[in-house]
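Listed below, chain by chain, are the residues.
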Amino acid sequence: METKPDYLIKGGKRLDGRKLADWREISIKTGVIENADGSAQVDFGKTKVIAAVYGPRELHPRHLVMSDRALVRAKYDMLSFSVEDRKRPGPGRREHEISKVTAEALSSVVLTEKFPRAVIDVFVTVIQADASTRITGLNAASIALADAGIPMKGLVVGVTFGKIYDEKGKGYMAVDVFKPEDQWGQADIAYAKSYNDNKVVLLQMDGDVTKEEFLKGKEMADKAMEYTYKEMVKALKGKYEVD
Amino acid sequence: MENKQLVTPGEVITEGMDYLPGDGTYRDGSNIRAALMGLAQTRDRLVKVIPLSGRYMPKKEDPVIGVVKEVRYSNWVLDINAPYDAVMMVGEAVDRFIDLKKDKLTNYFSVGDAVICRILHIDEGMSVMVTARGPGLRKLTDGQILDIAPSKIPRIIGKGASMVKMIKEYTGTRVFVGQNGRIWLQGGNEELTIRVIKKIEAEAHKAGLTDEIQKLLESEGNGNKA
């Protein structure tokens, strides 16, 4: 969208017809990359991300080796055709940051002490971007880790939320932001939890909201998270369902 | 008969302190949760999760097939399809004495050689030692090696080696199954053996697989036991 729209929500409906607490359609597939030890594709609406996991395996370079546990290394990138204007290939400031927070979020659930000196490599690639890519990527990575048979405390689940405005400029909290809302909204927040112990493993905000607005958005996001978690479990188990 | 239940990481398997957390599980307060994607199983008071995927983790006494990666002054480094390489010392290679001053180690094993060996020892730092001395352990000089998912190996072997025994009987192929996901085969109807092993790998989570495989072997192997 070239120019800032007059509103992102009107009459209770967002630009794509959703209500404030609605999330986009979620589709999850596991085992999409046969060469990898585990993999998953997660689609949140038009945002499509593939994650592949390799390892545990020998860690190079050697100076990164930790004698008592494994390193979780993540690499996030976007394909050049994932956005409208060609994305310059290769990691930049933004990609390095997302790789770092993804690795840290995953490290908090993986039982790294089971694999001293090794590395677990996670590659996250955005095929098509329509906002919330880091969270979609983190969800895909979490499923790919489970698919790879890597021991962990539980799954990481993420959802985004943000603040969008109506035609009078009044702000509302909305769940699972898409491109125009991410670009023009007053705030967008990436939020992920280690699902079963309810601990926050990733929280980033662009823009500003009041404490009340934040808590309202978080409450809605928690509902979306519950649904996302169920979909993730369904996708993982679906692979082994006996007909 | 034990009950098996498909679980994902973090899922509560049992509540209360009556049970003990085994492999692939952990205790969280009074709950036992799954640490792996797999089949949860409770036997006596022990709860464990059998993985459905994942790399091979070396365990003491496991028979494995290693491939020589490096020859050093007094030992060989073997790739055992695990996150960690294994080391075979000179004394563990052959039954006779190797004199480091006179003998060349490459005369015994050189880079690329496949070896049936056994895990001797693993320490906390995950340094793995193997031996090629013992019944059935040797260098492989013929046949072929098939790579399958290590998590499917128990299914290939079957209860009390029933599955692998059956495959050998019907195909006449010599088979050695390494715990690390490498299977050596030689002779007989190798093509059928490979097909059957691949089928077991693909359908490992199904019940009643032994009967299905037996039917396949009977129809494909001309109904005769070799």
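Residue numbers restart at each chain and count upward from 1, following the sequence in its written direction. Key to labels: chains lettered from A, ligands numbered from 1, both in the order written. Local features in a predicted model are, by the rule used here, given only for residues with pLDDT of at least 70; side-chain atom pairs are given and counted only at 80 or more, and totals for whole chains, interfaces and linings are based on all residues. The basis for every side-chain value is the complete set of heavy atoms in the structure, and neither hydrogens nor water enter the calculation.

(A) The overall build of chain B, seen in detail. Counting its secondary structure elements, chain B contains 4 helices and 16 strands. The C-alpha extent of chain B, read off along each of the three principal axes, is 65 × 50 × 20 Å. Classification of the 226 residues of chain B by burial places 46% in the buried group. Any two residues whose heavy atoms approach within 4.5 Å are treated as being in contact. Partitioning the intrachain contacts of chain B with sequence separation of at least 6 by distance along the chain shows that 57% fall at a separation of at least 24. Using a 1.4 Å probe, the Shrake-Rupley method yields the accessible areas, and only the shown protein chains count as cover for residues. Within the structure as shown, chain B displays about 11,200 Å² of accessible surface, and the carbon and sulfur contribution to it stands at 49%. Treating the 32 positive side-chain charges of chain B as one cloud and the 30 negative ones as another, the clouds have centres 2 Å apart. Put simply, DSSP H or I for four residues or longer makes a helix, DSSP E for two residues or longer makes a strand, and each gets a number counted from the N terminus. Accessibility here uses a 1.4 Å probe with only protein chains present; expressed as a share of the type maximum, an area under 20% marks a residue as buried, one over 50% as exposed, and anything in between as partly exposed. For the purpose of charge, His is not counted, nor are the chain termini; Lys and Arg are scored as positive and Asp and Glu as negative. Think of each charge as sitting on NZ of Lys, CZ of Arg, CG of Asp or CD of Glu.

(B) Fine view of the overall build of chain A. Within chain A, the regular secondary structure consists of 4 helices and 11 strands. A total accessible area of about 11,500 Å² is found for chain A, and carbon and sulfur atoms account for 51% of it.

(C) Spotlight on helix α3 (residues 190–202) of chain B. Residues and elements named next belong to chain B. To estimate how far a helix should reach, multiply one less than its number of residues by 1.5 Å. With 13 residues, α3 should reach 18 Å at 1.5 Å per residue; the first-to-last C-alpha distance of 18 Å fits that figure. When α3 is considered as a whole, its buried residues turn out to be L192, T193, V196, I197, I200 and E201. In this structure, the buried side of α3 is in contact with β14 (144–147), α1 (153–157), α2 (162–171), β15 (174–177), β16 (182–186) and α4 (209–220).

(D) How the structure looks around the side chain of T8 of chain B. Summarising the element assignment, T8 of chain B is placed in the loop between β1 (4–7) and β2 (12–15). Any pair of nitrogen or oxygen atoms within 3.5 Å is treated as a polar contact; in protein, a donor-acceptor pairing is required on top of that, and neighbouring residues in sequence qualify only through side-chain atoms on both sides. Side-chain polar atoms of T8 of chain B contact the side chain of E11 of chain B, separated by 3.1 Å. In this structure, T8 of chain B is in contact with Y229, V233, L236 and K237 of chain A together with A34, L36 and M37 of chain B, ignoring residues within four places of it in sequence.

(E) Local environment of the domain arrangement of chain B. Per the domain assignment, the segments making up chain B are domain 1 (4–51), domain 2 (63–140) and domain 3 (144–220). Between the C-alpha centres of domain 1 of chain B and domain 3 of chain B the distance comes to 29 Å. An automatic or database domain assignment provides the domain bounds reported here.

(F) Spotlight on the interface of chain A and chain B. Contact residues are listed per partner, giving 29 residues for chain A and 27 residues for chain B. Roughly 2,300 Å² of surface becomes buried between chain A and chain B when both sides are summed, with 56% attributable to carbon and sulfur atoms. Joining two parts hides part of their accessible area as seen by a 1.4 Å probe, and the buried area is that hidden amount summed over both. When the buried surface of chain A facing chain B is broken down by residue, R117, K237 and Y240 of chain A rank first, second and third, together holding 25% of it. We define a salt bridge as a contact between a side-chain nitrogen of Lys or Arg and a carboxyl oxygen of Asp or Glu at a distance within 4 Å. For the pair chain A and chain B, the interface holds 3 salt bridges. With a shortest N-O distance of 3.8 Å, K69 of chain B and E58 of chain A are connected by a salt bridge. Along the contact surface separating chain A from chain B lie 14 residue pairs in polar contact (both at pLDDT 80 or more). Where the side of chain A that touches chain B is concerned, the elements lending two or more residues are β5 (47–58), α2 (133–147) and α4 (211–238) of chain A. Grouping the constituent residues of the side of chain A that touches chain B by class yields 16 nonpolar, 4 polar and 9 charged. Nonpolar residues are Ala, Val, Leu, Ile, Met, Phe, Trp, Tyr, Cys and Pro. Charged residues are Asp, Glu, Lys and Arg, and all others, Gly as well, are polar.

(G) Representation of the pairing of strand β5 (residues 31–34) of chain B. All names here are of chain B. With burial as the criterion, each face of β5 is covered, one bearing N31 and R33 and the other bearing I32 and A34. Across 4 bridges, the pairing between strand β4 (residues 25–28) and β5 is antiparallel. Following the sheet pairing, T25 is matched in β5 by A34. By this definition, two strands are paired if DSSP reports at least two bridges between them.

(H) Looking closely at the nonpolar core. In terms of nonpolar packing, the biggest core is built from 89 residues, with V122 and L145 of chain A together with W76, L78 and F109 of chain B touching the most fellow members. Take this core: its biggest share by element is 9 residues, from α4 of chain A. In this view, L78 of chain B contacts G66, V67, V68, K69, D85, A86, M88, V115, C117 and V130 of chain B; residues no more than four positions away in its chain are not counted. Only buried residues count toward a nonpolar core. Its members are Ala, Val, Leu, Ile, Met, Phe, Trp, Tyr and Cys residues joined through side-chain atoms within 4.5 Å. In terms of nonpolar packing, the next biggest core, distinct from the first, is built from 21 residues, L192, I197, L216 and L217 of chain B among them.

(I) Main features of the packing of aromatic side chains. In this analysis, rings of Phe, Tyr and Trp, with Trp reduced to its six-membered ring, are considered paired at centre separations within 6.5 Å, and the interplanar angle assigns stacked below 30 degrees, edge-to-face beyond 60, and tilted for intermediate values. Summed over the entire model, instances satisfying the criterion amount to 6 aromatic pairs over all chains. Members of the aromatic cluster, joined through ring pairs, are F161, Y191 and F214 of chain A. Across from the ring centre of W184 of chain B, 4.9 Å away, lies the NZ or CZ of R138 of chain B, which sits over that ring. Lysine NZ or arginine CZ positioned within 6 Å of the ring centre and within 35 degrees of the ring normal marks a charge as sitting over the ring.

(J) View of the sheet that holds β4 of chain B. All names here are of chain B. Spatial strand order, β2-β5-β4: 3 strands in an open sheet with antiparallel pairing. Each of the sheet's edge strands pairs with one partner strand only, and the pair in question is β2 and β4. Mean inter-strand twist for the sheet, computed between neighbouring axes without regard to direction, equals 25°. Taken together, the 3 bridges between β2 and β5 define a ladder with antiparallel strand orientation. For T14, the partnering residue across the bridge sits in β5 and is I32. Orientation is described by lines fitted to C-alpha atoms, with helices fitted over the stretch in contact, and by angles between N-to-C directions that extend from 0 to 180 degrees.

(K) Quick peek at the sheet that holds strand β3 (residues 26–30) of chain A. Residue and element names in this part refer to chain A. If you trace the 5 strands from one edge of the open sheet to the other, you get β3-β4-β5-β7-β6, paired in mixed fashion. Of all the strands in the sheet, just β3 and β6 (71–78) have a single pairing partner and so form its edges. Taken pair by pair, the neighbouring strands of this sheet meet at an average axis angle of 15°, ignoring direction. Both strand β4 (residues 38–44) and β5 contribute to a ladder of 7 bridges, which runs antiparallel. Looking across to β5, one finds that A40 is bridged to A51. Here helix α1 (residues 93–107) sits on the sheet in contact with β6 and β7 (118–128), set at roughly 145° to β6.

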